[in-house]
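Residue-level structure breakdown
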Amino acid sequence: QVQLVESGGGWVQAGGSLRLSCAASTFITSIDTMGWYRLPPGKQREWVATITRTGSTRVADSVKGRFTISRDNAKRTVFLQMNSLNPDDAAVYYCNAVKDHRNYWGRGTQVSVSS
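Rules of the game
Residues numbered from 1 in each chain as written. Predicted model: local features only at pLDDT ≥ 70, side-chain atom pairs only at ≥ 80, totals over all residues. Heavy atoms only, no water. Disulfide = S-S within 2.5 Å. Helix = DSSP H or I, 4+ residues; strand = E, 2+ residues; numbered from the N terminus. Salt bridge = Lys/Arg side-chain N within 4 Å of Asp/Glu carboxyl O. Buried < 20%, exposed > 50% of the residue type's maximum accessible area, 1.4 Å probe, protein only. 1 Å grid on protein atoms, 1.4 Å probe; cavity = no way out; pocket = protein on both sides within 12 Å on 5 of 7 lines; lining within 4 Å. Points joined across faces, edges and corners; volume = space filled by probe spheres on them. Nonpolar A, V, L, I, M, F, W, Y, C, P; charged D, E, K, R; others polar. Contact = heavy atoms within 4.5 Å. Core = buried A, V, L, I, M, F, W, Y, C linked by side-chain atoms within 4.5 Å.

To continue, consider the state of the cysteines. This model, assessed by the stated rule, comprises 1 disulfide. Note that C22 is cross-linked by a disulfide to C95, the S-S spacing being 2.0 Å. Its S-S torsion of about -80° marks the bond between C22 and C95 as left-handed, since a negative value means left-handed. One end of the pair, C22, is in strand β3 (residues 18–24); the other, C95, is in strand β9 (residues 91–99), and 73 residues separate them in sequence.

Scanning all chains against the criterion turns up 6 salt bridges. A salt bridge links R38 to D89; the nearest nitrogen and oxygen atoms lie 3.0 Å apart. Separated by 51 residues along the polypeptide, R38 in strand β4 (residues 33–39) and D89 in the loop between β8 (77–82) and β9 bring together distant segments of the chain. For the pair R38 and D89, a shared accessibility class is recorded, and that class is buried.

The next point concerns empty space enclosed by the protein. By the definition in use, this model includes 1 cavity of 30 Å³ or more. As a volume, the largest cavity reaches approximately 40 Å³. I28, I31, D32, T33, M34, I51, T52, R53, R71 and V78 are the residues that line the largest cavity. Those elements that provide at least two residues to the lining of the largest cavity are β4 and β5 (46–52). When its residues are assigned to classes, the lining of the largest cavity shows 5 nonpolar, 2 polar and 3 charged.

It is worth spelling out the environment of V2 at this point. Within the secondary structure, V2 sits in the segment before β1 (4–7). For the pair V2 and N96, spaced 94 residues apart in the sequence, the C-alpha separation amounts to 9.9 Å. Residues in contact with V2, not counting those within four places in the same chain, are S25, T26, I31, A97, K99 and Y104.

So, about the nonpolar core. Across soluble globular proteins, nonpolar side chains show a tendency to be buried alongside one another. In this structure, L4, M34, W36, L80, M82 and Y93 are the most contacted members of the largest nonpolar core, which totals 30 residues. Mapped by element, the contributors of at least two residues to this core are β3, β4, β5, β7 (67–72), β8, β9 and β11 (109–114). Here L4 is in contact with C22, A23, A24, M34, C95, N96, A97, Y104, W105, G106 and R107, once residues within four sequence places are set aside.

Moving on, we come to unusual backbone geometry. Phi angles above zero are rare outside glycine, and R76 is one such case at about 55°. Within the fold, R76 resides in the loop between β7 and β8. We note that H101 has phi near 70°; this positive angle belongs to a residue other than glycine. Along the chain, H101 turns up in the loop between β9 and β10 (102–105). On the basis of relative accessible area, H101 is assigned to the exposed category, the value being 80%.

Below, the structure is given as structure tokens:
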């Protein structure tokens, strides 16, 4: 079992920044991949970014150049640095972990962006 707790969401004006955190209940180096997804209002969930056990990262084209995923192994935490936010980024952001072929999800954190 892996418990995930997100934090760092909130309200920001367009052009602003937020940093989301996802704290895991286990060593993140034992997790195959960790990532972020988001659920915009009235839309389907979409993948945002992933970091693998080896530290490789990928981000969606829609956030490339603005969002960065990183981790702190000692703190068992994965981060999503979000810059140049725009109203299209408003969503509930969920942390995801894949370990031993099982998916784990956090409860989500709300990000609101005003124009």
